[in-house]
Amino acid sequence: MTPSPPLPPMVLKDLEDIGKWLESNPEAFERWLRDHASQDLKQRVQKALLPETEHDLTKNSNISSDIFQLWLAASPANNNQQLQNIRPEYNYESLEESELFMELIRDVANELDIDVLCYKILKNVSMLTYADRGSLFLARSSGEEKYLVAKLFDVRHDSSFDEAIRLSRYEELKIPFGVGIAGTVAQTKTLINIRDAYKDPRFNNEIDLRTGYRTNLILCMPICNYEGDVIGVAQIINKTNDSQDFTARDVEVFQRYLTFCGIGIQNAQLFEVSVLEYKRNQILLNLARSIFEEQSNLECLVTKIMREAQDLLKCERCAVYLLDLDCCEASHLERILERPGKSIERYAPPLNRVESGTLTAEDMRENGLRKPSVFTTVFELRDCGTQTLVSRPSSFDLASSTLAQIAGYAVSTGQILNIGDVKSWLKEKHSEGDAETASTILCMPIMNGKRNLIGVAQLINKENNAPFTECDVSLFEAFAIFCGLGIHNTQMYENACKLMAKQKVALECLSYHATANDESTEKLVKEEIPSADCFNLYSFTFIDFDLSDDDTCKATLRMFMECNLVQQFHIPYDVLCRWILSVKKNYRPVKYHNWRHALNVAQTMFAMFKTGKMERFMSDLEILGLIVACLCHDLDHRGTNNAFQMKTDSPLAVLYSTSTMEHHHFDQCVMILNTDSNNIFQALSPEDYRKVMRIVETAILSTDLAMYFKKKNKFLELIENGEFDWQSDDKKELLSGMMMTACDVSAIAKPWDVQHRVAKLVADEFFDQGDLEKLQLKEQPIAQMDRERKDELPQMQVGFIDVICLPLYRVLSETFPWMKPLYQGTLENRQHWQDLAEKVEMGLTWIDHDTIDKPVEAFTDPEETKDIELTVQTLHTVMSSPPIEIKKRQKHKFCCIL
């Protein structure tokens, strides 16, 4: 070895000064060397001192220099991570072997961190027996099954704590009792000492093949607690001192040391359990505090719960599937159809735990076919908790979602489903479906305080792709209890808000409406009903302007008679008369959406059945339901649309988030049917009653133009494909919806003088809403409701005809030729509106009277204005108006006749 060159005199002088300072401050030097020196420097210092240290150890004790080196390598000062609860360092050079043995036992006896403890055990054992590497397994059980889990695996004698922990997390091993060398030791409680591992059939060489390391010697011993039960297994491999076997002395030292280590491991495990229990209690207390603080908004609450679950169980994604609990609109019809006093029984099987190994994906799918998922709302937390998705899935969405099917199985069986390997469990192409990125899933039913199932919580992908443990399941089970209480309380709060809103609506209705009285009913019962020809009911050009209010009721009765509905369904005549009068009375006298509009819609439907020959596609029960739906489709209309209800946060908007007014119209229809002597369906069987009520509800909701736009393309697709069979339920429902829209806007197809007059009524009602938006909301209304832009109405009517009316009437008349008068009348009226639009373009006015010219704010009496704000739906402003100022506007807007 080449000697180092001599140092310059200046450097030698500095070293001499530094040496004097170090000699006078040995504690500071020792602290710096231990806490701040690099690993390389420590090794250089150790190497420089090694000959002297080895000489002293050999001279003063029975401990070899190899043991001292191993101990230095294992000391916390030489690890990348400072271990906790480390005992003060001793001068191990001066210790006898027996004293060192006892000191190593004391070192592990006070260690309560299970990871650090296991690391120390392996390092100390390796030092005592000159072993090259070792593994430590802890015993676990699941029911009757017992197995070993590798706590630290294949740890080298010189491995740092960080390396050992990192390797253990990468190598996830699970060994059943009785399998392999470690499993045999655990089951028999006897040690195994092997001199040639490859000759032992119990040896698994998979690790050797992967790492290139060759295992020769193996010494494996059980670790027992004070009761003699196996709580772990320690295993050491190969020797570092070129010995050809583990000697009897190694076995004795190993056995004695592990006896004490068993007590330490048990203490550490008890401490770990107590710490986990404490953390769990703190987490659940925090969860309870947070969920009971947030009770006003279900979405905020569920999002908070999902974030807590994600942080608690360290998973990638979280989802909550909620059932309908009579708090949502999904079960609206079901609640209505229940007889008074009958409560809905919800089957809530007791929770039990199911591993994916005892259940196949096919079992789950078969269960889904028998009991389809009925989730109404799905909350999903993605992107590490930064994105919350809320959806209201359809039955098709649920049926095509693998994750929803798994949640559906959990809710239908009450089983906690823990899937450790989703890909192999599904046994299908994993690139398809929403479970593509899922590797592990834990699914837990959620129950409320009444033990009713209210939903399912689903955790996806535990960190490091590890399966969810039994501890995770137990913690999540307790977590789900608090979730159930919080969700139920929030739903009850929302339900209470809806009930208050419903009460306000009911009080408003009761103050304004009443059922028809006996006197009016008796009078109508005795009246002679003219023929259908007398009222011109068979014609698409029916006009109600010359009919008195009594005549409108008689015309309605005649339609029921002509369709043979009274005799077919055994409707008592006096009940039918009372029902018609009650329906009429429950329409408010708004300018357009009133009783006469309902009569015109019903008459168009009647003409479609008779003149349009559509009755051949419908059963008698469906004809009854559609006629009733037409008469009731705008019950209690307030002269304002759905958007206005949402903007003003009206009680109706609280009750229904979609199709607000249409849901209310159906509610009013049900209310009238349920009042005394108004139930025209009283003679129907329960099954027919359910069918006709569903027809009525679906038909009324179809009058929301938003629903029409959703269904139009599907209807056109059926027509283009040459569909002639309309008897299946879904196609019949689609056809009925299109017919309801066609009837609802049928004023656009009336003779021009009628259409012109009706359009002004519609515009007047719209302008009243626009005035209210200016007064109450301080907003500029859209063009079709802005009185200042009334000159644009002809062009908006042209747009309305082109976008909605003509496409619908064209396809109906081409498919059902007898309805061509609707298309022809609309086409002619479009030309009239186009002529008026051109007139406006030339600077002229199209208006020949002042009905639509008087704004709401023209009223000067403050009391009168106040009443208008409270009962905006009853405005009738027929006053003189100032001269109209003509303005040119863009022509891309259109007016909607509803």
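For the structure given in this document, a descriptive report is provided here. (Residues numbered from 1 in each chain as written. Predicted model: local features only at pLDDT ≥ 70, side-chain atom pairs only at ≥ 80, totals over all residues. Heavy atoms only, no water.)

1. Some points on the pattern of salt bridges
And step 1. In this structure the tally under the stated criterion is 25 salt bridges.
And step 2. The salt bridge involving aspartate 250 is made with arginine 249; its shortest N-O contact spans 3.4 Å.
And step 3. Residue classification places aspartate 250 among the buried positions, given a relative accessible area of 1%.
And step 4. Salt-bridge contacts for arginine 578 lead to aspartate 518; the nearest nitrogen and oxygen are separated by 2.8 Å. Linking arginine 578 in helix α22 (residues 573-585) with aspartate 518 in helix α18 (residues 518-526), this pair joins segments that are 60 residues apart in sequence.
And step 5. Under the relative-accessibility criterion, arginine 578 is labelled buried at 14%.
And step 6. With relative accessibility at 45%, the residue aspartate 518 sits in the partly exposed group.
And step 7. The network of salt bridges with common partners includes Lys591, Asp764, Asp768, Asp771 and Arg787. (Salt bridge = Lys/Arg side-chain N within 4 Å of Asp/Glu carboxyl O. Buried < 20%, exposed > 50% of the residue type's maximum accessible area, 1.4 Å probe, protein only. Helix = DSSP H or I, 4+ residues; strand = E, 2+ residues; numbered from the N terminus.)

2. A look at the side chain of arginine 588
And step 1. You can see arginine 588 is positioned in the loop between α22 and α23 (595-610).
And step 2. Judged by relative accessible area, which is 2%, arginine 588 ranks as buried.
And step 3. A polar atom in the side chain of arginine 588 sits 2.8 Å from the side chain of aspartate 636. (Polar contact = N/O pair within 3.5 Å; in protein donor to acceptor, adjacent residues only side chain to side chain.)

3. Some thoughts on the nonpolar core
And step 1. Counting 103 residues, the largest nonpolar core has Phe560, Trp579, Leu624, Val628 and Phe681 as the members making the most contacts within it.
And step 2. The biggest single contributor to this core is helix α32 (residues 793-815), with 12 residues.
And step 3. What tryptophan 579 contacts, discounting residues up to four positions off in sequence, is Phe560, Val628, Leu631, Cys632, Ile672, Leu673, Asn678 and Ile680.
And step 4. One finds Leu117, Ile231, Leu258 and Ala268 within the second-largest nonpolar core, a separate group that totals 33 residues. (Core = buried A, V, L, I, M, F, W, Y, C linked by side-chain atoms within 4.5 Å. Contact = heavy atoms within 4.5 Å.)

4. A word on helix α33 (residues 820-841)
And step 1. For α33, spanning 22 residues, the distance from its first C-alpha to its last is 32 Å, which sits close to the expected 32 Å at 1.5 Å a residue.
And step 2. Along α33, the residues classified as buried are Leu822, Tyr823, Gly825, Thr826, Asn829, Trp833, Gln834, Leu836, Ala837 and Val840.
And step 3. Elements that come into contact with the buried residues of α33 comprise α23, α31 (752-777) and α32. (Expected span 1.5 Å × (residues − 1).)

5. Concerning helix α15 (residues 402-413)
And step 1. The first and last C-alpha atoms of α15 sit 17 Å apart over 12 residues, in line with the 16 Å expected at 1.5 Å per residue.
And step 2. Counting buried positions along α15 yields 11 of 12 residues, so the element is predominantly enclosed.
And step 3. For α15, the complete set of buried residues consists of Thr402, Leu403, Ala404, Ile406, Ala407, Gly408, Tyr409, Ala410, Val411, Ser412 and Thr413.
And step 4. Measuring from the backbone nitrogen of alanine 404 back to the side-chain oxygen at the start of α15 gives 3.0 Å, which picks out serine 401 as the cap.
And step 5. After α15 finishes, the residue glycine 414 shows a positive phi value of roughly 70°.

6. Some words on the environment of serine 401
And step 1. When you line up the elements, serine 401 lands in the loop between α14 (395-399) and α15.
And step 2. Residue classification places serine 401 among the buried residues on the basis of a relative accessible area of 11%.
And step 3. In this structure the C-alpha to C-alpha distance between serine 401 and aspartate 434, which are 33 residues apart in sequence, comes to 6.2 Å.
And step 4. Within the structure, the side chain of serine 401 is placed 3.0 Å from the backbone nitrogen of alanine 404, a separation counted as a polar contact.

7. With respect to the environment of valine 253
And step 1. Inspection of the secondary structure puts valine 253 in helix α10 (residues 248-293).
And step 2. Sequence-wise, valine 253 and threonine 129 are 124 residues apart; in three dimensions their C-alpha atoms are separated by 7.5 Å.

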